[in-house]
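# Examination of the molecular architecture
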Amino acid sequence: MLMERMTKNLTAPSVLSRKYGLLSKEEAEEDSKRIEESAFAIANQHYEKEPDGDGSSAVQVYATQSSKLMLEVIKRGPRTKIDGKAILPEKAIAASETVFDISGGRRAFIDAEEAEELLKPLKAPGNSYKKICFSNRSFGLDAARVAKPFLLSLKDKLTEVDLSDFVAGRPEAEALEVMNIFSSALEGCKLRCLDLSNNALGEKGVRAFGALLKSQNNLEELYLMNDGISEEAALAVCELLPSTEKLRILHFHNNMTADEGALAISEIVKHSPALEDFRCSSTRIGSDGGVSLCEALSTCSRIKNLDLRDNMFGVEAGVALSKAIPSFADLTEDEGTEALAHALKESAPSLEVLEMAGNDITAKAAKQFLTKLNLSENELKDEGAILIGKALEEGHGQLVEVDFSTNAIRRVGARVLAQAVVQKPGFKMLNINSNFISEEGLDEVKDIFKSSPNMLGPLDENDPEGEDLDEEADEEGAGNEDELEAKLKDLEIKHEE
């Protein structure tokens, strides 16, 4: 449907077609296919780098890229033909081809013959490729040797290289040799973005890319996700990178870094004053490594997006985090959370998202006020929900999403949260699923959102008869809700000017 619409637009007479010429239907169909594939690939990469997004920004990227490419095709005009074969003018190539991407289609091995055919455009006269993406295609030795001269021909032009998941299924020895070939071919490129994710690098793999890494002094984005980055591998990365002064984005998600590796990553962070987006989630980092990392982050005043989820920081790292930067998230345990909340209250000028899921936070530490507040999978219960709900009532006009799922909250807590957010001007979603809200409580919440039901998330996993397994909660008995109702009447939250 989209390609049909593109074809129709490309073949429709217009002011531009009168100036540049009108494309035939056959030529427009070919261009539409190429535009769709290119725009989709770029949008998909954008989406994969924003795993917590809802995909709306990727759709915008797709629309922007496809519109841009369509305009370039129209301005290029009809291709001339020699012996029935279309010839694209050098000027047109330079204008429209800046990204070379072979990641689309099925995930598969690539042999020498296929590599030769796939990579031909890289040697086309007048090309202006600045970014290559070889992700999702597994290169063996023969294919890598074929690719080397193509890469050498682009060395002075490339600024972005994506080699994520490009040796999948290869024996270790072969994979390391392939990495060496690509590394030597790309050595000296002045890259702003390098993605080596999903390659099970380990220390050997990191060092196989040594020549390339050592030659990078201007990197702005570095992705090493799901790469088996151990202590030794992290030390190798730290050793090989000559400079990270311009680094804005650094992603280490899903590695086995642990405390020792965190010390090496901390050194990289210390020397990255421009860092804006740091992701070190699911890396097995404990208290000692967490403290080191948090202290290193104190040098990064430009942080806007910080993801440290699914680690084991503990109280000391939580306190260190609150002291280092008063504008980021993901602590474990109450003392650290309270310290962080205090720091955020004092100064949080650029933080846009707070992620604190799965950190055993209780009502004692409940407090926050951002664009997105995710406190799912904690133990806040009604006490925490009430405290947070009352704190959110005044101000916080930028709030768009609150996730309070799986927190053992009941009717009173659910109602307070609903009342706190329903009138926010730009609010989009309240998630209170997987709690213990009574049928009466659900009706109350739905009634609160009767004018804007799309703002209320699903409630299908709520358990009205659910029981809190905590021993202390069992002793409290069934009069809990009445007691909370009474407390709620007397509760007063002081809002800072």
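This text follows the structure it describes.
From a predicted model like this one, the values you see are computed outputs, not experimental measurements. (Residues numbered from 1 in each chain as written. Predicted model: local features only at pLDDT ≥ 70, side-chain atom pairs only at ≥ 80, totals over all residues. Heavy atoms only, no water.)

Another point: the packing of helix α12 (residues 258–270) against helix α13 (residues 287–297). Think of two packed helices as two axes; the pair is described by the angle between the axes and how far apart they sit. One can describe the packing of α12 onto α13 by two numbers: an axis separation of 8 Å at closest approach and a directional angle of 5°. Accordingly, the angle class assigned to the pair α12 and α13 is roughly parallel. Seen from α12, the contacting residues are D259, A262, L263, I265, S266, V269 and K270; seen from α13, they are S287, D288, G289, G290, S292, L293, A296 and L297. Residues that form the contact of α12 with α13 fall into these classes: 7 nonpolar, 5 polar and 3 charged. (Axes fitted to C-alpha atoms, helices over the stretch in contact; angles between N-to-C directions. Helix = DSSP H or I, 4+ residues; strand = E, 2+ residues; numbered from the N terminus. Parallel < 35°, antiparallel > 145°, perpendicular 65-115°, else oblique. Contact = heavy atoms within 4.5 Å. Nonpolar A, V, L, I, M, F, W, Y, C, P; charged D, E, K, R; others polar.)

On to the pattern of salt bridges. On inspection of all chains with the given rule, the structure shows 23 salt bridges. Of the charged contacts in the structure, one is a salt bridge between R170 and E174, with a shortest N-O distance of 4.0 Å. On the basis of relative accessibility, which here comes to 17%, the residue R170 falls in the buried class. With its nearest N and O atoms 2.7 Å apart, the salt bridge here joins R192 to E221. (Salt bridge = Lys/Arg side-chain N within 4 Å of Asp/Glu carboxyl O. Buried < 20%, exposed > 50% of the residue type's maximum accessible area, 1.4 Å probe, protein only.)

With that settled, the discussion passes to helix α17 (residues 411–421). Counting along an α-helix, one turn takes 3.6 residues, and residues three or four places apart therefore face a common direction. Of all the 11 residues making up α17, 10 are buried; the element is thus mostly covered by neighbouring parts of the structure. Turning to α17, its buried residues are R411, V412, G413, A414, R415, V416, L417, A418, A420 and V421.

Next up on the list: the nonpolar core. Core analysis: the largest hydrophobic core is formed by 75 residues, its most contacted members being F134, F139, F182 and F278. Where this core is concerned, the elements lending two or more residues are α7 (141–154), α8 (172–186), α9 (202–208), α10 (210–214), α11 (231–240), α12, α13 and α14 (314–324). Per-element tally for this core: the top contributor is α8, with 8 residues. Dropping the residues within four chain positions of it, F182 is found in contact with F134, F139, A144, A147, L151, L163 and F166. Ranked by size, the runner-up nonpolar core spans 26 residues in total, among them I432, I437, V445 and F449. (Core = buried A, V, L, I, M, F, W, Y, C linked by side-chain atoms within 4.5 Å.)

These figures come from the coordinates and say nothing about function on their own.
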